[in-house]
Amino acid sequence: MSGSRLSPATPSSLTMTSATTNMLSPTTTASTLAPPLTTSLSAPTSGSATGNPRNKVALRPGRSLMDWVRLGHSGVDLTGTGGKVVDVTPQQLAKHNKRGDLWMSLRGKVYNVTAYLEFHPGGEDELMRGAGIDATTLFNEVHKWVNFETMLQKCLVGRLVEARPFFHKPSFLPLPKALKPNNNNNKKSDSSASKTLVVPSPSRAPVASPETSISAPSPDPVSTPVTSPWPLAPAPLPTPKYDWFQNDTHLTLAIYTRWSEVTPGHVVVVRKAMDIKVVCYIQDMTYTLHLTFNKPVREGSEVRAGKAGKVEVVLGKLQTGQRWSSLGKTLEGHGQYIKTRDREPEYVRCRMKKKENLTHDTRLMLVEVPSDTLLPVPMGYHVYIRLPGKENVTRPYTPVAPGLKQEEEKEELGRWVHLLVKIYPDGALTPGLDELEMESEVEVSLPEGTFTQDKVTAATTITHTLVLLAAGTGITPMIRLTLAALDNKRKVLFILFNKTEEDIPWRKELSTLMEQHSSLLTVIHVLSQPAEGWSGETGRVREELLEKYVPRPSSQQPLYLCVCGPTPFTKLTHSLLLEAGHSEVACHAFQS
């Protein structure tokens, strides 16, 4: 599908041409056209505590989940505040940091988890890691999809007062007096700026020549890591600002991100009736614009992004020829500028449109985004999937490319999500996904991830060779990276680990792609349970296998390495690469 251009407005058609032509100089666009959407932007159902759910401990009798639920409904005060909701400062929180008096903060809320300590499936020691602190990051690293808000609702003490979102007050759109601008976020960024390396723009970045082929590693050991030729941490940017413009037929929301790398692929637009939410992914941050309009607007929107970091969302007025005196009112979360990793999942209700068998237990699923929503997923980012009515069961998936044929027609940005899903017969989510009928609803979260644009640039543009090591469905983030690197004439070494030949997804397509790019792409399959007659590599990831295929670190021919798969595979592979002398900043481990 090609991106649609929007025609001049008539009483029966939608206009998406320039709102103020002298104000717009877009370089790329994304657009939507269609009937009203049905979206779900409900708060996420997330986590239980801070322990790893896979490392459960044996609990004493009477400490099961049902026992905890019964205790919560017994009338016992678990908050320690008499049930009053209070504001808590970090200094106050820090005082409650021991067994018998244990508080922690999760996503801006403070909980008294003293009573829950004995009920925690991951053990008391794991929960104590979050004692007296904001444990959000610890929690997110392990199981951010778990519904901790329901689990701990009877333990709620109140709000962590410094965790409230910051709001930007535009001069033309008055906010309530309580919502005053706060510059603390900028101050925090400024304080860390001196410790952060600045990534050069791609136009000035050193780009290695791909002419030299991938050769066998030098037998000489590397005693010290080779310094990566590119600094990867971007300089922090100030909080974006926004404005709006209009003419007789359109209005334009303009967001000034000051990030020259921003594209329509970094902008999510969700509309519901007269409400609009725009989420911009800026480096490792997200900026949210959330409004309700004073007057109705037409269905559909167009996103434009310029080189100066200006993002424009263009909408058509339902009643043309009228000038608006004001834009509307702000809604919850408006002006929030936070780390992407700290953002709570928000879901959009989509529809299953197609399912295709890739292997005996792996499906390629095509999910359609509502017609009035744009949901692009930046390269290397993931989304959470859940089924309506089963909000407590969610799993992360990294969307893949529509296919491995580079000549395929480009889809309209943000209108479809392609998922590679391995079906586990006893799984909590995948059997339900596998049984879904076409047109059934499935909920997809807004994107999350840590593979920021500077890493994308390093992996697909600056590097001499992109080395990809994937186990099983860890192939998902690697597909888009492979195609992007090949487009930029970068070399790609792709080592794919599976149990059997039948488990290899896209095996024929990968072979075809390798034939088309014989001078750039090398694909190596490693099987742990090969059938008789298999002549390729066997076993699991190990030092000698990496030494055989992965080139030594070199500043003349820099490597960028990506690893994805089950957690044990990812941890082992990442440590082996670091031991071989590869730089931490040149090696990204995707979390499964």
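Note that the structure is a prediction, hence the values are computed from the model and not measured.

A.B. asks: It is not clear to me how the overall build of the protein chain should be interpreted in this structure. Could you clarify?
C.D. replies: Along its length, the protein chain carries 12 helices and 28 strands. Restricting to contacts in the protein chain with at least 6 residues of sequence separation, those with at least 24 account for 77%. Accessible surface, the protein chain: about 26900 Å² in total, of which carbon and sulfur atoms supply 52%.

A.B. asks: I keep staring at the pairing of strand E6 (residues 156-160) and nothing clicks. Help me out?
C.D. replies: In this structure, strand E2 (residues 86-88) lies alongside E6, joined through 3 bridges in parallel fashion. Opposite Val86, over in E6, you have Gly158 as the bridge partner. The sheet contact formed by strand E5 (residues 109-112) and E6 spans 3 bridges and is antiparallel. When the bridges of E6 are listed, Val110 appears paired with Gly158.

A.B. asks: Before we go on, may I ask you to explain the sheet that holds strand E19 (residues 383-386) in this structure?
C.D. replies: Pairing between the strands of a sheet is mediated by backbone hydrogen bonds and can be parallel or antiparallel. Taken in spatial order, the 6 strands make up an open sheet running E20-E19-E22-E16-E17-E21, and their pairing is antiparallel. Because the sheet does not close on itself, it has two edges, and the strands there are strand E20 (395-397) and strand E21 (416-422). Taken pair by pair, the neighbouring strands of this sheet meet at an average axis angle of 40 degrees, ignoring direction. Relative to strand E22 (residues 441-445), E19 is paired through 2 bridges, and the arrangement is antiparallel. Counterpart to Arg386 in the pairing with E22 is Glu443.

A.B. asks: Whenever I open this one, the sheet that holds strand E23 (residues 465-471) confuses me. Can you help?
C.D. replies: Spatially, E26-E25-E24-E23-E27-E28 is the arrangement adopted by the 6 strands of the open sheet, whose pairing is parallel. Both edges of this open sheet fall to strand E26 (537-538) and strand E28 (587-589), since each of them pairs with a single strand only. Across 7 bridges, strand E24 (residues 491-498) lies against strand E25 (residues 521-527) in parallel orientation. In the strand pairing of E25, Ile495 is matched with Ile524.

A.B. asks: Sorry, what's going on with the pairing of strand E27 (residues 559-564) here?
C.D. replies: Here is the key point about a regular strand: its side chains alternate between the two faces of the sheet. Burial analysis of E27 places 6 of its 6 residues in the buried class, which makes it a mostly covered element. Running through helix H12 (residues 567-579), the crossover from E27 to the neighbouring parallel element E28 is right-handed.

A.B. asks: I'm lost on the pattern of salt bridges in this one. Help?
C.D. replies: Two side chains with opposite charge may pair up if their charged atoms get near one another. Overall, the coordinates contain 24 salt bridges when judged by the stated rule. One salt bridge connects Glu126 with Arg129, and the closest N-O pair in it is separated by 3.1 Å. Looking at Arg129, the relative accessible area reads 43%, which means it is partly exposed. Taking the shortest distance from any N to any O, the salt bridge between Glu443 and Arg349 comes out at 2.6 Å.

A.B. asks: I would appreciate a short explanation of the confidence of the model for the protein chain in the present structure.
C.D. replies: Where the model shows low pLDDT, its predicted coordinates should not be examined in detail. In the predicted model, the protein chain carries a mean pLDDT of 80, and the fraction of residues at 70 or more is 77%. In this model, residues 32-54 is a region of pLDDT below 50 whose contacts with residues beyond four sequence positions or in other chains number 114 contacts.

A.B. asks: In this structure, what is going on with the side chain of Gln283? I would like to understand it.
C.D. replies: Here Gln283 is to be found in the loop between strand E10 (275-282) and strand E11 (285-293). Its relative accessible area of 9% is what places Gln283 among the buried residues. Apart from residues lying up to four places away in sequence, Gln283 is in contact with Pro234, Ala235, Pro236, Leu237, Trp259, Tyr381 and Thr452.

A.B. asks: Please clarify how the packing of aromatic side chains should be interpreted in this entry.
C.D. replies: Aromatic ring pairs are defined here through the distance separating the ring centres and the angle between the ring planes. With the rule as written, the count across this model stands at 9 aromatic pairs. Seen in terms of ring centroids, Phe293 and Trp324 are 6.0 Å apart; in terms of plane orientation they differ by 65 degrees. Their pairing is edge-to-face. Of this pair, Phe293 sits in strand E11 while Trp324 is found in the loop between strand E13 (310-316) and strand E14 (328-330), placing the two residues 31 residues apart along the sequence. Trp324 shares its class with Phe293; the two are buried. Ring centres 5.1 Å apart and planes at 40 degrees place the aromatic pair Phe451 and Phe590 in the tilted group.

Rules and cut-offs
- Residues take numbers from 1 onward in each chain, read along the sequence in its written order.
- Confidence filtering applies because this is a predicted model: local features only for residues at pLDDT of at least 70, side-chain atom pairs given and counted only at 80 or more, and all residues used for totals across whole chains, interfaces and linings.
- Side-chain metrics rest on all non-hydrogen atoms present in the structure, leaving aside hydrogens and water.
- Helix and strand definitions follow DSSP, with helices as H or I runs of at least four residues and strands as E runs of at least two, each counted in order from the N terminus.
- The criterion used for residue contact is that any of the two residues' heavy atoms lie within 4.5 Å.
- For accessible areas, the Shrake-Rupley method is used with a probe of radius 1.4 Å. Any residue's cover is judged against the shown protein chains and nothing else.
- Two strands qualify as a pair provided that DSSP identifies no fewer than 2 bridges between them.
- Angles shown run from 0 to 180 degrees and are taken between the N-to-C directions of axes, each axis being a line fitted to C-alpha atoms and, for helices, limited to the stretch in contact.
- Three exposure classes are used, based on accessible area relative to the maximum for each residue type with a 1.4 Å probe and protein chains only: buried under 20%, partly exposed in between, and exposed over 50%.
- Looking down the strands as they point away from you, a crossover is right-handed if its path from the first strand over the helix to the second goes clockwise.
- Salt bridge, as used here, is a side-chain nitrogen of Lys or Arg placed within 4 Å of a carboxyl oxygen of Asp or Glu.
- Confidence of the predictor at the level of single residues is given by pLDDT, which spans 0 to 100.
- Centre distance within 6.5 Å is the pairing criterion for rings of Phe, Tyr and Trp, where only the six-membered ring of Trp is used; planes under 30 degrees apart are then read as stacked, over 60 as edge-to-face, and the remainder as tilted.

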